[in-house]
Amino acid sequence: MRSVQWDTMQRQILDGRPFVFDPRVKVLAPTSAEDSMAVPVFVDASEVEGVSEILVFADLNPIPEILRYIPVQAAPRLGFRFKVQQATPIRAAALSEDGVWHVGQVWLEAAGGGCTLPSLASGSTDWESHLGEVSGRIWRHDQSTRLRFVVVHPMDTGLAPGIPRFHLEEFDIRTDDGVTLARLETFEPVSENPVFSLDLNPEVSAVRVGGRDNSGNRFDARVSE
Amino acid sequence: MRTTAAGVLILLMCATAPAVDLHYGLTPRLIAEDTYLFEGVNEDFSRDNGGNIVNVAAIVTQAGVVVINAGPSRLYGEQLRAAIARLTDQPVVRIFISKLHPDHFLGSQAFPQVTRSTLAETITGISDQGEQFTLNMYRMVGPWMIGTEVTLPNDTVQPGMVEIGGHRLELLALAGHTPSDLVVLDHSTGTLFTGGVVFHNRAPTTPHADLAGWRASLETLDRLEFRLLVPSHGPVSRDHRPIAQTRDYIDWLEESLSGAAAEGLDMAEVLNMKPPERIAALAVMPAEYQRSVSHLYPALERAAFRPATEQVQ
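Chemist: Sorry if this is basic, but what is going on with the sheet that holds strand β10 (residues 181–186) of chain B here?
Modeler: Each strand in a sheet pairs with its neighbour through backbone hydrogen bonds, running either in the same direction (parallel) or in the opposite one (antiparallel). Residues and elements named next belong to chain B. Strand order in the open sheet formed by 5 strands is β8-β9-β10-β11-β12, and the pairing between neighbours is mixed. Here the strands that pair on one side only, and so sit at the sheet edges, are β8 (160–164) and β12 (228–233). Strand-to-strand twist in this sheet, taken as the mean axis angle between neighbours without regard to direction, amounts to 30 degrees. Judged from the 3 bridges that link them, β10 and strand β11 (residues 191–199) form a sheet pairing that is antiparallel. When the sheet's bridge partners are listed, Leu185 is paired in β11 with Leu192. Lying over the sheet, helix α5 (residues 211–223) contacts β9 (167–174), β10 and β11, oriented at roughly 160 degrees with respect to β11. Helix α6 (residues 241–262) contacts β11 and β12 of the sheet and is inclined by roughly 15 degrees relative to β11.

Chemist: In this structure, what is going on with the sheet that holds strand β2 (residues 26–28) of chain A? I would like to understand it.
Modeler: Strand order in the open sheet made by the 7 strands is β2(A)-β4(A)-β7(A)-β14(A)-β11(A)-β10(A)-β13(B), with antiparallel pairing throughout. Each edge of the open sheet carries a strand with a single partner, namely β2 of chain A together with β13 (306–307) of chain B. Two strands pair when backbone bridges link them, and strand β11 (residues 144–151) of chain A and strand β14 (residues 195–200) of chain A are joined in this way by 6 bridges, in the antiparallel orientation. Within the sheet, the bridge partner assigned to A:Leu147 lies in β14(A) and is A:Leu198. Helix α8 (residues 287–304) of chain B contacts β4 (39–44), β7 (74–82), β10 (134–141), β11 and β14 of chain A together with β13 of chain B of the sheet and is inclined by roughly 110 degrees relative to β11(A).

Chemist: How should I be thinking about the confidence of the model for chain B in this particular structure?
Modeler: Any residue range with low pLDDT should be treated as having predicted coordinates unsuitable for detailed reading. With 94% of its residues at a pLDDT of at least 70, chain B reaches an overall mean of 93. Under a pLDDT of 50 for its full length, residues 12–18 of chain B has, in the predicted model, 8 contacts with residues more than four places off or in other chains.

Calculation notes
- Residues numbered from 1 in each chain as written.
- Chains lettered and ligands numbered in written order.
- Predicted model: local features only at pLDDT ≥ 70, side-chain atom pairs only at ≥ 80, totals over all residues.
- Heavy atoms only, no water.
- Pairing = 2+ DSSP bridges.
- Helix = DSSP H or I, 4+ residues; strand = E, 2+ residues; numbered from the N terminus.
- Axes fitted to C-alpha atoms, helices over the stretch in contact; angles between N-to-C directions.
- Contact = heavy atoms within 4.5 Å.
- pLDDT = per-residue confidence, 0-100.

Below you can see the structure in the form of structure tokens.
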């Protein structure tokens, strides 16, 4: 799937490194964005060997990069939601051990406006007292753990008039002993009050979720079964 | 906002100007004494159907014509008015609008002198969201929307009986499909106009739904006696089956999605859920189901989450 922006994406986001379009990198999303502020996406690169990093981006979004996922001790797959400005490819590039980006994609129809609309929170003051608050849960499967969590944050893109860029940038998922299981770098298009689904390798009953936003606000919390 | 809508229209006209036949081909069908149906197609909005996916009815009384729902555009409204004028010399005297969705009220623009009645909360909903609905309709059905602007209902009704030209109309104020759903039962002919509370052979839509309230409304309708049921989408029925079918769908939807949320599935992972055959067979599946995931899943997954502990903010 080509778009007018693909060459730029390949050069800037994938660092010009070699790539292949690979249907084994699955990108699940609705055909059409019902809510341009929160399009659900699930990326699964677990059929590709030795994935060390996943980049997700939308070529035609004003800010194409959505997130970077480092599954340290986790399966190379995750779910999240993002803001879409117009119809666009959604691509996930998984870096395999041979140094090649394996790119999977899906086309998303959209009425648009998600990135330049103000967050719901920016219209109220209530969110401030809850900034960085985490809810979530863990589901133990055989030899793995599904972690789902949400963090209260407006995730303002800076593209809505008069509202500065204000978004979560880093997440770190650790065991109670401080061993990092997964890292996540998020960009402006990730939805307000972001929700993530991750599959961690060890079977654990609780993890710590920590991180910070671009203003230096830090949060840390323990999510359990 | 008017300039924005006009701007969008100009763009759409440029893109689609050649050879578009903007005739809805509205054909009235007698379904009960004095009562005509203009049946919409059981599809989603498209440039092929011009947004004509809704059932519109006209009751020709001795005191003028009562119209129930007005269609998706100014053009539809104008062609509806012309089609009614071919049926009868009686003027349209009253329009009942069942809910805030654009295919139900936008056509009322063609009836500026007519009393356009609905429930209070529907007027609020159209005031708040009507412009956005209209822009979205321009995007979905394009040139058919030419000149369409939001025209607010100008009459607030209360539940109860009204008599128009010998027809005794009972107005019911229900909710659940949207925050306020107006249902009309014509006691003179036994015809029940359910608005969006009942869908027939089409997946119900949920952008403004409250499923518990919807279920209660369906129970209310199920207790009524009627001879003919006119849903807002899908074929008319002589029995209660469309009510049961609508309830079956929203029950399936809620059970499936809350079950998935309780198992920790991601929102995108439930998009491709396989429904049972009877659900999969409904029109506009699976697209309508995918829309419902966006509407309903966020609240259901929150219910499965718990506040984290040892929070440092």
